[in-house]
Amino acid sequence: MTEAAIRALIRDVPDFPTAGIIYKDITPVLADHAAFDGAVEAMLAPFRDLAISKVAGIEARGFMFAAPVAARLGAGFVPVRKPGKLPRQVVEQEYDLEYGTDVLQIHADAAAPGERVLIVDDVLATGGTAAATIELLRHVGADVVGLTVLLELEFLHGRQRIDGVPVHSVVRDGSG
Ligand code: AMP
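Since we're looking at a predicted model, the values are computed, not measured. (Residues numbered from 1 in each chain as written. Predicted model: local features only at pLDDT ≥ 70, side-chain atom pairs only at ≥ 80, totals over all residues. Heavy atoms only, no water.)

Enquirer: Before we go on, may I ask you to explain the pairing of strand β5 (residues 90-96) in this structure?
Expert: In regular strands, side chains alternate between the two faces of the sheet. Relative to strand β6 (residues 101-107), β5 runs antiparallel, the two being bridged by seven bridges. In the sheet register, Y95 faces β6, and the bridge partner there is D102. The turn joining β5 and β6, which pair antiparallel and follow one another in sequence, is formed by four residues; a positive phi near 90 degrees is taken by G100. (Pairing = 2+ DSSP bridges. Helix = DSSP H or I, 4+ residues; strand = E, 2+ residues; numbered from the N terminus.)

This is the structure we're talking about:
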């Protein structure tokens, strides 16, 4: 499955969820076995031999890619969640949205100090979500080895907000 074939399955949905947003619908990639398999392989490829022991997936669409990435890397899975979802002691990080702020949490024992963690999400847009996730994992002492996404919206320059962590994207959209 080529990058172009995966790209062709990502659909633009104008004005969703609000006016002016072009929503990138990745569900056709999930629905196509060859595309889903190829996307997961392409997302994990640069990190295959980097002794990753945990893969952190960002709620909710990040989970869909992070779980198979974790299984194929022989790593565990860590959910990065919105408040009120994780039942035990958590650490949390606030981050900026276009209007207002939001919060992400992980369990305080989600990764051990020094553990090598790969972060997975579907889309890298402004980078705020990924940057907050890096902060959370560093807070518990994890070694954040990389960030991998299916789609990077290059025109939003999210990569510039990712401090000291290699960023890998399978499909890049620079059209804005
Ligand atoms: P950001 O924090 O701006 O990088 O936003 C990243 C998060 O928001 C990811 O978890 C994406 O799932 C979601 N997201 C942001 N922009 C879009 C978009 N245009 N289409 C689909 N999902 C998006």
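Enquirer: Whenever I open this one, helix α5 (residues 128-139) confuses me. Can you help?
Expert: Think of an α-helix as turning once every 3.6 residues; residues three or four places apart then point the same way. With twelve residues, α5 should reach 16 Å at 1.5 Å per residue; the first-to-last C-alpha distance of 16 Å fits that figure. If you check which residues of α5 are buried, you get G128, A130, A131, A132, T133, I134, L136 and L137. The elements touched by buried residues of α5 are β3 (54-58), β4 (76-80), β5, β6, β7 (116-124) and β8 (143-153). Among the residues trailing α5, G141 stands out with phi positive, at a value near 95 degrees. (Expected span 1.5 Å × (residues − 1). Buried < 20%, exposed > 50% of the residue type's maximum accessible area, 1.4 Å probe, protein only. Contact = heavy atoms within 4.5 Å.)

Enquirer: So what exactly am I meant to see when it comes to the pattern of salt bridges here?
Expert: Working definition: two side chains of opposite charge can pair if their charged atoms are close together. If you walk through the whole model with that rule in mind, you get twelve salt bridges. Put simply, D122 and R61 hold a salt bridge, and the shortest N to O gap is 2.6 Å. With D122 in strand β7 and R61 in helix α4 (residues 61-73), the pair connects residues that are 61 residues apart, well separated along the chain. When its relative accessible area of 32% is taken as the criterion, R61 is described as partly exposed. (Salt bridge = Lys/Arg side-chain N within 4 Å of Asp/Glu carboxyl O.)

Enquirer: It is not clear to me how the layout of surface pockets should be interpreted in this structure. Could you clarify?
Expert: Taking a probe equal in size to a water molecule and rolling it over the atoms shows the remaining empty space. Volume-wise, the largest pocket comes out at about 1300 Å³. Lining the largest pocket are 41 residues, with I21, R61, A125, T126 and T129 sitting closest to its centre. Put simply, the parts of the chain that give the lining of the largest pocket at least two residues each are β2 (22-25), α4, β5, β6, β7, α5 and β8. Here the element with the most residues in the lining of the largest pocket is β7; it accounts for four residues. Residues of the lining of the largest pocket, tallied by class, amount to 21 nonpolar, nine polar and eleven charged. (1 Å grid on protein atoms, 1.4 Å probe; cavity = no way out; pocket = protein on both sides within 12 Å on 5 of 7 lines; lining within 4 Å. Points joined across faces, edges and corners; volume = space filled by probe spheres on them. Nonpolar A, V, L, I, M, F, W, Y, C, P; charged D, E, K, R; others polar.)

Remember, this is a structural readout, not a statement about activity or role.
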